[in-house]
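Below are the chains, spelled out letter by letter.
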Amino acid sequence: RFIAKPCAINLGIQDSGPHRAQPNAILEKVFTSITKSPDGKRLEGLSKQLDWDVRKIQRWFRHRRNQDKPTTLTKFCESMWRFTFYLSIFFYGVRFLWTAPWFWDTRQCWYNYPFQPLTSRLYYYYILELAFYWSLMFSQFTDIKRKDFLIMFVHHLATIGLITFSYMNNMVRVGTLVLCLHDASDFLLEAAKLANYAKYQRLCDAFFMLFGVVFIVTRLGIYPFWILNTTLFESWELIGPYPSWWLFNGLLVTLQVLHIIWSYLIIRTAYKALMRGKVSKDDRSDVESSSEEEDVTSNSTKGVFSTSSNGSNRVNGHVASGQWTEE
């Protein structure tokens, strides 16, 4: 309210929502009481009742759905909050772990286990991360429902389970490594979103590409060969098959499966953008197109210029607003 909003206004982001649908009592009643996406049969009935073209009714429902979406200013403020948290907690974690012996030698995570001291810095690091992921868990049900809702729900459950489980079993050393590793790429994605909302498209593209590289390196490289190696093999060697070994590693492997899925989506999005010059729609996008051009089916629209989801033009080879970083 006091930091992000003034920054957004200074960047020229207006607090204006999508195009509002034309007031219509009949369509509004159908929208609120029956369905937000009427099928062909219902569209035909409404067309006869209102003497409207079916295309016009479809357009009305699309505008009405988009009308409930948050404004760009709202999304900018949310992303700035998340960017601030991810960046701060990442640098706090790096500074804390830089002097920790287990950061350089993962076998130190299991020496003298479970009789390892819990320092105040380690305690607050854990509590902050746990509180943040609980907030994401709750807000997910009030935010816009996205295509990867189930994946994110599983991710939050696994993360909260891992943080709680590792804290209760005093596996906080390896837990800090997992947390810091995951924070390494998250703030880059939020930075890309901020640049996207502010219409600094080249900066947005650069941040997204950097995010993709860091994400794949950390989640598909460092995580399995550094984290999973110590939890699966080094722990078994040093302290033996403790009772909760299967649950702990099961949650960590679940995260790895999610990493593979997200990496595939990131690579596919980047491939479409770089090789074809345009992305029809981001796999996780929540915003429906509100442009009139969507109703035109002529092949002549497939040229050097194409229209993005917010109606602005973009040049072939350069991704426009909403394509890289729409969650």
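Residues numbered from 1 in each chain as written. Predicted model: local features only at pLDDT ≥ 70, side-chain atom pairs only at ≥ 80, totals over all residues. Heavy atoms only, no water.

(A) Molecular detail of the pattern of salt bridges. Scanning the model with the defined rule gives 4 salt bridges in all. The shortest N-O distance in the salt bridge between glutamate 78 and arginine 82 comes to 3.2 Å. You can see glutamate 78 and its partner arginine 82 sitting in helix 5 (residues 72-98), 4 residues apart, about one turn around the helix. Overall, the relative accessible area of 29% leaves glutamate 78 in the partly exposed class. Relative accessible area serves as the criterion here: at 12%, arginine 82 is assigned to the buried category. Arginine 219 is the salt-bridge partner of aspartate 186, the closest N and O atoms lying 3.4 Å from each other. Of this pair, aspartate 186 sits in helix 9 (residues 172-197) while arginine 219 sits in helix 10 (residues 201-239); the two residues are 33 residues apart in sequence, bridging distant segments of the chain. On the accessibility criterion, aspartate 186 (16% relative accessible area) is buried. (Salt bridge = Lys/Arg side-chain N within 4 Å of Asp/Glu carboxyl O. Helix = DSSP H or I, 4+ residues; strand = E, 2+ residues; numbered from the N terminus. Buried < 20%, exposed > 50% of the residue type's maximum accessible area, 1.4 Å probe, protein only.)

(B) Geometry of the packing of aromatic side chains. This structure, assessed with the given rule, holds 26 aromatic pairs. Judged by centre distance (6.1 Å) and plane angle (40°), the rings of tryptophan 98 and phenylalanine 103 are tilted. Geometrically, the ring pair formed by tyrosine 123 and tyrosine 167 is tilted, given 6.5 Å between the ring centres and 50° between the ring planes. Linking tyrosine 123 in helix 7 (residues 120-139) with tyrosine 167 in helix 8 (residues 149-168), this pair joins segments that are 44 residues apart in sequence. The class of tyrosine 167 is partly exposed, set by a relative accessible area of 33%. Here the aromatic residues Trp81, Phe85, Tyr86, Phe132 and Tyr133 are joined through ring pairs into a cluster of three or more. The residue whose ring lies beneath lysine 56 is tryptophan 52, and the NZ or CZ to ring-centre distance is 4.3 Å. (Phe/Tyr/Trp six-rings, centres within 6.5 Å; stacked < 30°, edge-to-face > 60°. Lys NZ or Arg CZ within 6 Å of the ring centre and 35° of its normal.)

(C) Region of interest: the nonpolar core. Of all hydrophobic cores here, the largest spans 54 residues; its most connected members are Leu97, Trp102, Met171, Phe211, Tyr223, Phe248 and Leu252. The set of elements that each furnish at least two residues to this core consists of helix 5, helix 7, helix 8, helix 9, helix 10 and helix 11 (245-276). With 12 residues, helix 9 is the largest single contributor of residues to this core. Among the nonpolar cores identified, the runner-up in size contains 10 residues, and Leu27, Leu46, Leu50 and Trp52 belong to it. (Core = buried A, V, L, I, M, F, W, Y, C linked by side-chain atoms within 4.5 Å.)

(D) The arrangement of unusual backbone geometry in detail. Here the amide bond leading from tyrosine 113 into proline 114 is cis, since omega sits at 5°, within 30 degrees of zero. In this structure, proline 114 sits in the loop between helix 6 (101-104) and helix 7. Residues other than glycine seldom take positive phi values, yet asparagine 112 does so here, at roughly 60°. Asparagine 112 sits in the exposed class, given a relative accessible area of 61%. One non-glycine residue, asparagine 170, adopts positive backbone phi at about 60°. When you line up the elements, asparagine 170 lands in the loop between helix 8 and helix 9. The exposure class of asparagine 170 is buried, given its relative accessible area of 16%.

(E) Local environment of the UniProt feature "transmembrane region" (unreviewed entry) in the protein. This chain's UniProt record puts "transmembrane region" (unreviewed entry) on residues 83-103, 123-142, 207-226 and 246-267. With 85% helix and 0% strand, residues 123-142 has end C-alpha atoms that lie 30 Å from one another. The span residues 207-226 is 100% helical and 0% strand by assignment, and the distance between its end C-alpha atoms comes to 26 Å. (UniProt positions renumbered as here; feature names shortened; annotations may be inferred.)

(F) Spatial organisation of the packing of helix 7 against helix 8. In contact at an axis separation of 10 Å, helix 7 and helix 8 are set at 155° when each is read in the N-to-C sense. Compared by their axis directions, helix 7 and helix 8 come out roughly antiparallel. The chirality of how helix 7 crosses helix 8 is left-handed. Listed contacts from helix 8 to Tyr123, Tyr126, Glu129, Leu130, Tyr133, Trp134, Leu136 and Met137 of helix 7 are Phe153, His155, His156, Leu157, Thr159, Ile160, Ile163, Thr164, Ser166 and Tyr167. Classifying every residue of the contact of helix 7 with helix 8 gives 12 nonpolar, 5 polar and 1 charged. (Axes fitted to C-alpha atoms, helices over the stretch in contact; angles between N-to-C directions. Parallel < 35°, antiparallel > 145°, perpendicular 65-115°, else oblique. Left-handed = near helix turned anticlockwise from the far one by under 90°. Contact = heavy atoms within 4.5 Å. Nonpolar A, V, L, I, M, F, W, Y, C, P; charged D, E, K, R; others polar.)

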